[in-house]
Amino acid sequence: MKSPGLAQFLHIWPEYGLTAREGDAVPLTPILGGLSGAQIWHVEFGSQTYALRVTVNTHVTDVPWLEWRHAILAQIQQQANIPICLPLKTLSQKTWLASEGHCYELFPWISGAAVADWHRQPELRRQIVQAIAKWHVVAGLGQFPPEPSGEPNPRDDVKITASTPYGLKLRREMLAHAWIMERQEIEQALTLKLPEFWREYGHHLLGLLATCHLRVSEIVAAAAHLEVPQFPCIRDVRGEHYLFQNQSLAGIVDFAALRVDSPMADLTRLLMEVPLDQAEARAAIWTTYEELRALTTNERQVFIAYDFASRLLTPLNWFRWIVIEARDFGPVDRVQSFAKRALARGRELPELLAYRQPTQTNSVLEFR
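Residues numbered from 1 in each chain as written. Predicted model: local features only at pLDDT ≥ 70, side-chain atom pairs only at ≥ 80, totals over all residues. Heavy atoms only, no water.

A. Structural view of the overall build of the protein chain. Regarding its fold elements, the protein chain presents ten helices and nine strands. Expressed as a percentage of the 368 residues in the protein chain, the buried residues total 48%. Nonlocal contacts in the protein chain, meaning residues at least 24 apart in sequence, comprise 74% of its contacts between residues at least 6 apart. Counting every atom, the protein chain has about 17600 Å² of accessible surface; 54% of that belongs to carbon and sulfur. (Helix = DSSP H or I, 4+ residues; strand = E, 2+ residues; numbered from the N terminus. Buried < 20%, exposed > 50% of the residue type's maximum accessible area, 1.4 Å probe, protein only. Contact = heavy atoms within 4.5 Å. Areas by Shrake-Rupley, 256 points an atom, 1.4 Å probe, with all protein chains shown as cover.)

Spelled out as structure tokens, the structure:
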């Protein structure tokens, strides 16, 4: 199926009460999309500016999830009073459109920009963490529609409790696959001619698997039996999704991964951007968060499982996506910067595991 082009876009505008005739000048500027493969376009209609998100090759089962996410976002924005960027509604009051297998969402354009070193700037860091905590406080009230059916849970041949968060189920499955399959795939890939960056990357991954996989798997297995709060979470919290204007949070974007999970999924993803040696920034994140929402004892344990598994699995994902599956996520420099950061967090694992002894529970070391 071909990617959508301007001709298809011309049929989208009238649905929103916007008129564009063949030959009219409607400036469309492609913007780098996320890792989901969605296309993002900057659109100008006279004095109005929009962002058009196009999800290519949408499956029929994706639509109920899209509608559910939009409903959750609208409620969170209203109740938590945080600047979530909501999709605009069509004349028929729909928050999305479908055409030839593609899904379209139109958003107001936010005049702001992400800040790469947000964690080094106390005021920006505070605003991001407060927005996450406010989301969790409101979402934890439980007054939201249930997730839609139609998507199978991750396969897991190990017996786990019914209350195990989605993120832990997924990590258990991925850890098992990493040891059985991905290790072999990396070894096989290293026999081929690879760019030096990815060759070195693969060798680092094999070392991490050999030294950390068993311990991380044990920690995740133990955490899977803990009872923790679960509610709609963003699950892909990253600094580049928080847009600032004049040092103020102007908008939060990209909720494609939203689903019910432990809130530790959000905190894990955010802290993956903050190196261990930035202890003051990491401590400030926890302090700011707990000023609005206190953590349970079990959540403190579950965070470790999410964090350790993510440190091992995320660089593995990058190697698989780029080397084995040959996915295209844009410019090489951009991709390698993401992959390098993921590997840097992974290479902190041996130090963290050295502190993680059975007698050390609920200690500050668990929040480094």
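B. Summary view of the packing of helix α8 (residues 297-324) against helix α9 (residues 332-346). The geometry of α8 relative to α9 is characterised by a closest axis approach of 7 Å and an angle of 150 degrees between their N-to-C directions. Overall, the two elements α8 and α9 adopt an arrangement that is roughly antiparallel. Seen along the crossing, α8 lies across α9 with a hand that is left-handed. Residues R311, T314, P315, W318 and I322 of α8 touch α9, and the partners they reach there are V335, F338, A339, A342, L343, R345 and G346. (Axes fitted to C-alpha atoms, helices over the stretch in contact; angles between N-to-C directions. Parallel < 35°, antiparallel > 145°, perpendicular 65-115°, else oblique. Left-handed = near helix turned anticlockwise from the far one by under 90°.)

C. Fine view of α8. The end-to-end C-alpha separation of α8 is 40 Å, in line with the 40 Å expected for 28 residues at 1.5 Å each. The largest bend in α8 comes to about 30 degrees, at S310. Trailing α8 by a residue or two, A326 shows a phi angle of about 55 degrees, which is positive. (Expected span 1.5 Å × (residues − 1). Bend = angle between axes of the 7 residues up to and from the residue.)

D. Quick peek at helix α4 (residues 166-189). Remark: the principal bend of α4, roughly 50 degrees, maps to A178. Within the sequence span of α4, burial applies to Y166, G167, L168, K169, R171, R172, L175, A178, E182, I186 and A189.

E. Geometry of the environment of E15. Positionally, E15 belongs in the loop between α1 (6-9) and β1 (28-31). Each C-alpha atom of the pair E15 and L97 lies 8.4 Å from the other, and the pair is 82 residues apart in sequence.

F. Here's a closer look at the packing of aromatic side chains. All told, the structure shown has eleven aromatic pairs when counted by the stated rule. With 5.8 Å between their ring centres and 80 degrees between their planes, W65 and W68 make a pair best called edge-to-face. Taken together, the residues W65 and W68, both in helix α2 (residues 62-80) and three residues apart, mark about one turn of the helix. Across this residue pair, the class does not change: W65 and W68 are buried. Plain terms: the ring middles of W286 and F303 are 4.8 Å apart, the flat faces sit at 90 degrees to each other, and that makes the pair edge-to-face. Residue W286 is found in helix α7 (residues 279-290), and its partner F303 is found in helix α8; the two are separated by 17 residues along the sequence. Taken together, the aromatic side chains of F197, W198, Y201 and F319 make up a single cluster linked through ring pairs. For the cation-ring pair, R259 lies above Y166, with the distance from its terminal atom to the ring centre recorded as 3.8 Å. (Phe/Tyr/Trp six-rings, centres within 6.5 Å; stacked < 30°, edge-to-face > 60°. Lys NZ or Arg CZ within 6 Å of the ring centre and 35° of its normal.)

G. Representation of the environment of D117. Here D117 is to be found in the loop between β5 (102-108) and α3 (122-139). A relative accessible area of 32% means that D117 is categorised as partly exposed.

H. Region of the structure containing the side chain of R345. Note that R345 resides in helix α9. The class of R345 is buried, set by a relative accessible area of 6%.

I. Quick peek at the pairing of strand β2 (residues 39-45). With six of seven residues buried, β2 is to be regarded as a mostly interior element. The sheet contact formed by β2 and strand β3 (residues 48-55) spans seven bridges and is antiparallel. Across the sheet, the residue bridging to I40 is R53, located in β3. (Pairing = 2+ DSSP bridges.)

J. Looking closely at the pattern of salt bridges. Under the counting rule described, the total for this entry stands at 16 salt bridges. A salt bridge links R238 to D236, with the shortest nitrogen-to-oxygen separation between them at 2.8 Å. Note on accessibility: R238 and D236 belong to one class, buried. Residues R311 and E348 are paired through a salt bridge, measuring 2.6 Å at the closest nitrogen-oxygen approach. Here E348 lies in the loop between α9 and α10 (349-355) and R311 lies in helix α8, a separation of 37 residues in the sequence. With respect to class, R311 is no different from E348; both count as buried. Linked through salt bridges whose partners overlap, the residues forming this network are E182, R320, E325 and R327. (Salt bridge = Lys/Arg side-chain N within 4 Å of Asp/Glu carboxyl O.)

The values are spatial; any link to function lies outside them.
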